[in-house]
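Structural features, examined
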Number of protein chains: 2
Amino acid sequence: MGGDRAPEVPIAGALLALAELDPAHTVQLVGRSDEVTAELDAQLRAGTALPGGLRERISIVDAPEVIEMSEKPTAAIRSKPNSSMAVGLKLHASGTADAFVSAGNTGAQMAASVFLLKLHAGLTRPAIATTFPTQRNPVVVLDAGANVDCSAEELLQFARLGAVYAEDILGRANPAVGLLSIGEEPEKGNAAVKDAHKLLEASDLNFAGNVEGRDILAGGSARGPIDVFVCDGFVGNVVLKFYESVPGMIMSMMTKGGVPKDVLAKIFKGFDYSDYGGAPLLGVKGVSIISHGSSSPRAIKNAIGVALRAVERRMVDHIGRRLETSAVAPS
Amino acid sequence: MGGDRAPEVPIAGALLALAELDPAHTVQLVGRSDEVTAELDAQLRAGTALPGGLRERISIVDAPEVIEMSEKPTAAIRSKPNSSMAVGLKLHASGTADAFVSAGNTGAQMAASVFLLKLHAGLTRPAIATTFPTQRNPVVVLDAGANVDCSAEELLQFARLGAVYAEDILGRANPAVGLLSIGEEPEKGNAAVKDAHKLLEASDLNFAGNVEGRDILAGGSARGPIDVFVCDGFVGNVVLKFYESVPGMIMSMMTKGGVPKDVLAKIFKGFDYSDYGGAPLLGVKGVSIISHGSSSPRAIKNAIGVALRAVERRMVDHIGRRLETSAVAPS
């Protein structure tokens, strides 16, 4: 029931995913079962391009309550234990589902994920990892909004989480971690960043030093490619939203300037945010993928793809081991 | 002597400015006089397109020392009192020059401006105001890197400084001030931003509430246009550098995608960073314009234009009065 056009878009995305995935994979649609059933039946009837046998791979789990996009996260989770958000995450926590995907209220998904899936030992907060298309390869930027006023220790945790994500989901060996700052020099940055620089330098991560705002779209600096950009959730959220506003502006400028739409569509292929589908909430002991409220069916399909890859690569165990190793390693 | 290609580019920019401006205006070139004289003579000989009489409007002031781009600001200013940065700012402080423009070491320019021009009463730090082209009108974003770890009170000061700048230089009446945050709601943001929201709400400014990363390029939110975006210098610097990297990436994508260069050049007209030329250091009792180290002659010319407009509009007095009024006004 999450997102600006629910249950329509999540159902359409689930059908797209099932059509592409190995038939062994199934989807549980969590929501008001009458609404979900009616919408699913309608889409299956209309979806002549869909392969057969999809209905058998879908089960519907009733969740009569709905958390609105504007509700206060913690209060909503407490007062609505039968929301699709809470019920879906409980299915995952109990092992009935291997992963959870939602385009609903991000804050509620975060709060419920921490509450129901629990954090890995040693973590104080989860982080939202977003994938940015760049001029080189896509990069991970985190935290994208789960945490503001972060300590240096938290920035180090984000670096560990992001490195595992880059390895498992983006397939990078020994990912290069950059610390987002306002200059390359270690002494540049705010207090938390300056301290985080020292912690990262002393860590077992492949730390590439400070990076700057211009290095994100470049996918790295003159010193080499960067896989993971670490920042606090305030900076990450501002940059993410700024970034998301770029294609629309460019499209509008180019269209006004007479560049044909099909040429633009081809050029912007690979820069479509929906390619990356969802941003995982890292640090919880489970796979919880946060999709945009305005997600397209394709974005939901890709979010399910990210979830599946995280499960197959055992990303959550990998994060747990990585955090344990770092905790006992001499600093 | 400041910038990546000095004295060549600053001199070329000064000549462009003089060619356009009222003949009453003059330029003082501050630097190693032999180098500056030789370069100026060479450009005047080669510049057949330039109007006559420019040489008489230029004086050369010797400053034998040069602060390198990589030097530590405060140490450089202390150890090189005869640098073009220090000598030029002293000319301004003494009234021999009405304004100062440099493409040199930004940190050194800030330190020397505060030291030689002094801050307005009630300010703790100056702020760098940058002008971003947007889908509506250009907007002011500040602070763009002079301050990290800002207090709520400092964010309020930036709002006051930015509002005067938007009025005097961009010609906006009663400029709308937005506080950059991670959500529209007053309770969203980090600790300083949440407190700043309250201070701004209680101020005499035209405060439009919190704005988000996506509102910068849009020149405002759904609630209306924004003239001034207020943020700490860490966030502002990251966003500025991110922003500056967009045109290059888009140009390269579009060129690869077969869009002709002349079409692109036309579309990107108005989005050229050099249109805005320079970022004023606000809060000091003088006009100190910071230009990019990589400025083109056109950017230098436009920086001189910004300086002139600030002088003509008596921006510095205006800021002083605005700060005084706000200091005595009941909160």
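Residues numbered from 1 in each chain as written. Chains lettered and ligands numbered in written order. Predicted model: local features only at pLDDT ≥ 70, side-chain atom pairs only at ≥ 80, totals over all residues. Heavy atoms only, no water.

1. Focus on the side chain of B:Glu154
All names here are of chain B. Its place among the elements puts Glu154 in helix H6 (residues 152–168). No salt bridge forms around the buried Glu154; measuring N to O, its nearest opposite-charge neighbour Arg125 is 6.0 Å away. Separated by 3.0 Å, the side chains of Glu154 and Thr124 make a polar contact. (Helix = DSSP H or I, 4+ residues; strand = E, 2+ residues; numbered from the N terminus. Buried < 20%, exposed > 50% of the residue type's maximum accessible area, 1.4 Å probe, protein only. Lys, Arg positive; Asp, Glu negative; His and termini not counted. Salt bridge = Lys/Arg side-chain N within 4 Å of Asp/Glu carboxyl O. Polar contact = N/O pair within 3.5 Å; in protein donor to acceptor, adjacent residues only side chain to side chain.)

2. Considerations on the confidence of the model for chain A
Detail in the predicted coordinates should be disregarded across regions flagged by low pLDDT. For chain A, mean pLDDT is 92; residues scoring 70 or higher make up 97% of the total. In the model output, the complex is listed with pTM 0.93 alongside ipTM 0.91. (pLDDT = per-residue confidence, 0-100.)

3. Some remarks on the domain arrangement of chain A
Residues and elements named next belong to chain A. Examined at the domain level, chain A breaks down into domain 1 (1–123 + 283–312) and domain 2 (129–274). Distance from the C-alpha centre of domain 1 to the C-alpha centre of domain 2: 27 Å. Counting from both sides, the interface comprises 12 residues of domain 1 and, opposite them, 11 residues of domain 2. Both sides together, the interface formed by domain 1 and domain 2 hides about 870 Å², and carbon and sulfur atoms give 56% of it. Joining domain 1 to domain 2, the criterion identifies four residue pairs in polar contact (both at pLDDT 80 or more). Residue contributions to the side of domain 1 that touches domain 2 peak at six residues, all from helix H11 (residues 297–312). Residues of the side of domain 1 that touches domain 2, tallied by class, amount to five nonpolar, five polar and two charged. (Domains from an automatic or database assignment. Contact = heavy atoms within 4.5 Å. Buried area = accessible area lost by both parts, 1.4 Å probe. Nonpolar A, V, L, I, M, F, W, Y, C, P; charged D, E, K, R; others polar.)

4. What to know about the layout of surface pockets
Considered as a void within the structure, the second largest pocket measures approximately 1,500 Å³ in volume. Lining the second largest pocket are 47 residues, with A:Thr106, A:Gly107, A:Lys241, B:Ile182 and B:Lys188 positioned closest to its centre. Listing elements by their share of the lining of the second largest pocket, those giving two or more residues are helix H3 (73–79), helix H5 (106–117) and helix H9 (233–256) of chain A. Here the lining of the second largest pocket takes five residues from H5(A), the largest share from any one element. Here the residues of the lining of the second largest pocket are counted per class, giving 16 nonpolar, 18 polar and 13 charged. In terms of domain composition, the lining of the second largest pocket takes at least three residues from each of domain 1 (1–123 + 283–312) and domain 2 (129–274) of chain A. (1 Å grid on protein atoms, 1.4 Å probe; cavity = no way out; pocket = protein on both sides within 12 Å on 5 of 7 lines; lining within 4 Å. Points joined across faces, edges and corners; volume = space filled by probe spheres on them.)

5. Describing the interface of chain A and chain B
Contact residues are listed per partner, giving 43 residues for chain A and 42 residues for chain B. Contact between chain A and chain B buries roughly 3,900 Å² in total, counting both sides, with carbon and sulfur atoms accounting for 77%. Here chain A is connected to chain B by four salt bridges. A:Glu187 is paired through a salt bridge with B:Lys72; the nearest N and O atoms lie 2.8 Å apart. Taken together, the elements giving at least two residues each to the side of chain A that touches chain B come down to helix H7 (191–202), helix H8 (213–218), H9 and helix H10 (261–268) of chain A. With 16 residues, the single largest contributor to the side of chain A that touches chain B is H9(A). In the side of chain A that touches chain B, the residues fall into 25 nonpolar, 12 polar and six charged.

6. Digging into the pattern of salt bridges
On inspection of all chains with the given rule, the structure shows 27 salt bridges over all chains. B:Arg314 is the salt-bridge partner of B:Asp317, the closest N and O atoms lying 3.9 Å from each other. We classify B:Asp317 as partly exposed; its relative accessible area is 41%. Counted as one network, the salt bridges with shared partners bring together A:Glu212, A:Arg214 and B:Lys241.

7. Describing the environment of B:Val141
Residue and element names in this part refer to chain B. Looking at the secondary structure, you find Val141 in strand S6 (residues 139–142). Under the relative-accessibility criterion, Val141 is labelled buried at 1%. For Val141, the contacting residues outside a window of four places in its chain are Ile128, Ala129, Thr130, Phe132, Ile216, Phe229 and Cys231.

8. Quick look at the sheet that holds strand S7 (residues 176–180) of chain A
All names here are of chain A. Read across the open sheet, the five strands follow the order S5-S6-S11-S7-S8; overall the sheet is mixed. Strand pairing shows two members of the sheet lacking a second neighbour, strand S5 (130–132) and strand S8 (206–211), which therefore form its edges. Geometrically, the sheet is characterised by an average inter-axis angle of 30 degrees between neighbouring strands, direction not taken into account. The pairing of S7 with S8 spans four bridges and is classified as parallel. (Pairing = 2+ DSSP bridges. Axes fitted to C-alpha atoms, helices over the stretch in contact; angles between N-to-C directions.)

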